[in-house]
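Descriptive analysis of the structure
Listed here are the chains, written in short residue letters.
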Amino acid sequence: MSRGFEELDWCSTPLGEISLRRRLEPNRQIDVYEAKLGDEFLMSSLFTVAEIALADIALATLPGMDLDVVVGGLGLGYTAGAVLRDPRVRSLRVIEALGEVIGWHERGLLPLSDGLTSDRRCSLVEGDFFALLASGSPFEPRGPERSDAILVDIDHTPRHLLHPSHAAFYSLEGQRRLADRLNPGGVYALWSDDPPDEDYLAVVERVFATCEAHVITFSNPLTGGESTNTVYVARAQPEQRRRLKRTIQEDRP
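The paragraphs below set out a description of the structure included in this document.

What counts, and where the lines are drawn
- Residues numbered from 1 in each chain as written.
- Predicted model: local features only at pLDDT ≥ 70, side-chain atom pairs only at ≥ 80, totals over all residues.
- Heavy atoms only, no water.
- Helix = DSSP H or I, 4+ residues; strand = E, 2+ residues; numbered from the N terminus.
- Rg over C-alpha atoms; globule rule 2.2 N^0.38 Å.
- Buried < 20%, exposed > 50% of the residue type's maximum accessible area, 1.4 Å probe, protein only.
- Contact = heavy atoms within 4.5 Å.
- Areas by Shrake-Rupley, 256 points an atom, 1.4 Å probe, with all protein chains shown as cover.
- Lys, Arg positive; Asp, Glu negative; His and termini not counted.
- Charge placed at Lys NZ, Arg CZ, Asp CG, Glu CD.
- Pairing = 2+ DSSP bridges.
- Phe/Tyr/Trp six-rings, centres within 6.5 Å; stacked < 30°, edge-to-face > 60°.
- Lys NZ or Arg CZ within 6 Å of the ring centre and 35° of its normal.
- Axes fitted to C-alpha atoms, helices over the stretch in contact; angles between N-to-C directions.

1. Description of the overall build of the chain
The helix and strand inventory of the chain stands at 8 helices and 11 strands. Compactness check: the chain gives a C-alpha radius of gyration of 18 Å against a globular reference of 18 Å for 253 residues, within 12% of the reference. When the 253 residues of the chain are sorted by exposure, 51% land in the buried category. The contacts of the chain with a sequence gap of at least 6 include a subset with a gap of at least 24, amounting to 63%. Approximately 12,400 Å² of the chain is accessible, and the part contributed by carbon and sulfur atoms is 49%. Each charge class in the chain was averaged separately, 27 positive and 39 negative side chains, and the resulting centres sit 6 Å apart.

2. Some thoughts on the pairing of strand E3 (residues 30–37)
Buried residues dominate E3, accounting for 6 of its 8 residues. With 8 bridges joining them, strand E2 (residues 16–25) and E3 adopt antiparallel strand pairing. Considered in E3, the bridge of Leu24 is made with Asp31. Pairing geometry for E3 and strand E4 (residues 40–44), over 4 bridges, is antiparallel. Following the sheet pairing, Leu37 is matched in E4 by Glu40. In textbook terms, the turn of a hairpin is the stretch between consecutive antiparallel strands, and for E3 and E4 this stretch comprises 2 residues, one of which, Gly38, has a positive phi near 65 degrees.

3. Re the packing of aromatic side chains
Inspection of every chain in the model, using the stated rule, returns 11 aromatic pairs. For the ring pair Phe129 and Phe169, a centre distance of 5.9 Å and an interplane angle of 70 degrees mean the geometry is edge-to-face. Pair noted here: Phe129 is in helix H5 (residues 129–135) and Phe169 is in the loop between strand E8 (147–152) and helix H6 (172–180), with a separation of 40 residues, a long-range link. Phe129 sits in the buried class, given a relative accessible area of 2%. When the ring of Phe169 is compared with that of Tyr188, the centres are 6.1 Å apart and the planes differ by 80 degrees; the resulting orientation is edge-to-face. Of this pair, Phe169 sits in the loop between E8 and H6 while Tyr188 sits in strand E9 (residues 182–192); the two residues are 19 residues apart in sequence, bridging distant segments of the chain. Taken together, Phe129, Phe130, Phe139, Phe169, Tyr170, Tyr188, Tyr200, Phe208 and Tyr232 form an aromatic cluster joined through their ring pairs. A cation over a ring is seen here: Lys36 above Phe41, with NZ or CZ 4.9 Å from the ring centre.

4. With respect to unusual backbone geometry
Positive phi, close to 55 degrees, is recorded for Asp66, a residue that is not glycine. Inspection of the secondary structure puts Asp66 in the loop between helix H1 (49–60) and strand E5 (67–72). Classification of Asp66 by relative accessible area gives partly exposed; the value is 45%.

5. With respect to the environment of Val89
Here Val89 is to be found in strand E6 (residues 89–96). By relative accessible area, which is 3% here, Val89 ends up buried. Along the primary structure Val89 and Leu59 are separated by 30 residues, whereas in three dimensions their C-alpha atoms are 9.2 Å apart.

6. Some thoughts on the sheet that holds strand E7 (residues 122–126)
Pairing within the open sheet is mixed, and its 7 strands lie in the order E7-E6-E5-E8-E9-E11-E10. Single-partner strands in this sheet number two, and they are E7 and strand E10 (210–220). Here the strands of the sheet are splayed against their neighbours by 20 degrees on average, with no regard to which way each runs. Here 11 bridges tie E10 to strand E11 (residues 225–235), and the two strands are oriented antiparallel to one another. From the neighbouring strand, Ile216 faces E11, where its bridge partner is Asn229. Packed onto the sheet, H1 meets E5, E6, E8, E9, E10 and E11 and runs at close to 165 degrees relative to E9. Across the sheet, helix H3 (residues 99–106) is in contact with E6 and E7; its angle to E7 comes to roughly 145 degrees.

What follows is the structure in structure tokens.
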């Protein structure tokens, strides 16, 4: 256990100045790890319930074994760590835009770092998740073209984005591109800091077979009360329906 406050890393990135720090939480006497982008908090090890639920809820909807999973956004590693706890997972590719964040884990600076970097199923890939998706490029050169699950935890919400270029992902066309990266019946899940967004749900429901918004409630030691996040979980169309939909679209004048 550390004492007081320690800045573990600081660097300048295309998104701005990012820092990782560790501090002692006095009431609970535990180390808290926090990442900031400029003056804005990105993540904290005090609040990981929803990040873990992102993986647990999504994977619970999938039958079968040998699951190939993609996580967009590495952060402190709690979503990736939850994915690897599922013994059915065959491969996990974590796409992270900032090499500096991957470096935190490669240097063992965070509690889950060793578990992620030592698991042969897990690859930490430096790249822009949204740009790779839009271009049709593979998330990893040797990885499968489609995945059984794609979990995304990058922006604060579908409206509160880390960069304006991410907006296209939340559009109808962006969601269609995402669905094309999933195996038939695969699952897409998204973390959000806001309550369920009905407008975004309407977009997802036009592409996927089903979509649900799960409100995740957890205790907030900073306020002494409770806070909530949202986890959206959508299932891709089965192959037969996907083919029928494409045939109808191709037949249109």
